[in-house]
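Chain by chain, the residues:
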Amino acid sequence: MAITLTEKAAKHINRYIERRGKGLGLRFGVRTTGCSGLAYKLEYVDESAAEDTVFESFGVKVFVDPKSLPYIDGTELDFAREGLNEGFRFNNPNVKDNCGCGESFRI
């Protein structure tokens, strides 16, 4: 499978990298936290790691570490604006349950 971006997400990431003035793409992974166990983490990548798996959508590279990949394989990242709120949305087919506050998930 793969990690994919919607066109909106890719445009948002590209704009941010251009404003930063540097960057290879986006690192997408998970960390242990929250009431359901796992939370997504995103950060911009200036240097790739040898063990990263790299996916590309709409010209944007997404770097994933090997420990996170089983939890997020098949995920589509979207970027949405609703009123004054904006942010990434994670369409992860592996998720079995989300916590009530929306900060964490369980596989």
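Residues numbered from 1 in each chain as written. Predicted model: local features only at pLDDT ≥ 70, side-chain atom pairs only at ≥ 80, totals over all residues. Heavy atoms only, no water.

1. Digging into the environment of Tyr44
Thought 1: Along the polypeptide, Tyr44 turns up in strand β3 (residues 37-45).
Thought 2: For the pair Tyr44 and Asp97, spaced 53 residues apart in the sequence, the C-alpha separation amounts to 27 Å. (Helix = DSSP H or I, 4+ residues; strand = E, 2+ residues; numbered from the N terminus.)

2. So, the side chain of His12
Thought 1: With respect to the secondary-structure elements, His12 resides in helix α1 (residues 7-20).
Thought 2: With sequence-adjacent residues up to four places away left out, His12 is seen in contact with Tyr44, Phe79 and Phe88. (Contact = heavy atoms within 4.5 Å.)

3. What to know about the nonpolar core
Thought 1: Counting 20 residues, the largest nonpolar core has Ile3, Leu5, Phe28, Val64 and Ile72 as its most contacted members.
Thought 2: For this core, the elements supplying multiple residues, two or more each, are α1, β2 (25-33), β3, β5 (60-64), α2 (69-72) and β6 (76-82).
Thought 3: Top contributing element to this core by residue count: α1, with four residues.
Thought 4: In this structure, Val64 is in contact with Ile3, Phe28, Glu51, Asp52, Thr53, Phe55, Leu69 and Ile72, ignoring residues within four places of it in sequence. (Core = buried A, V, L, I, M, F, W, Y, C linked by side-chain atoms within 4.5 Å. Buried < 20%, exposed > 50% of the residue type's maximum accessible area, 1.4 Å probe, protein only.)

4. A short note on the sheet that holds strand β1 (residues 4-5)
Thought 1: Pairing is mixed in the open sheet, where three strands are placed in the order β1-β6-β7. Every other strand in the sheet has two partners, leaving β1 and β7 (85-91) as the edge strands with one partner each.
Thought 2: Direction of pairing for β1 relative to β6: parallel, over a ladder of two bridges. When the sheet's bridge partners are listed, Thr4 is paired in β6 with Glu76.
Thought 3: Sitting on the sheet, α1 touches β1, β6 and β7, and the angle it makes with β6 is about 80°. (Pairing = 2+ DSSP bridges. Axes fitted to C-alpha atoms, helices over the stretch in contact; angles between N-to-C directions.)

5. Concerning the side chain of Ser68
Thought 1: Turning to its location among the elements, Ser68 is positioned in the loop between β5 and α2.
Thought 2: The class of Ser68 is buried, set by a relative accessible area of 2%.
Thought 3: At 3.1 Å, the side chain of Ser68 forms a polar contact with the backbone nitrogen of Val30.
Thought 4: Contacts of Ser68, omitting those with residues within four sequence positions, involve Gly29 and Val30. (Polar contact = N/O pair within 3.5 Å; in protein donor to acceptor, adjacent residues only side chain to side chain.)

All quantities given are derived from atomic positions and should not be read as evidence of function.
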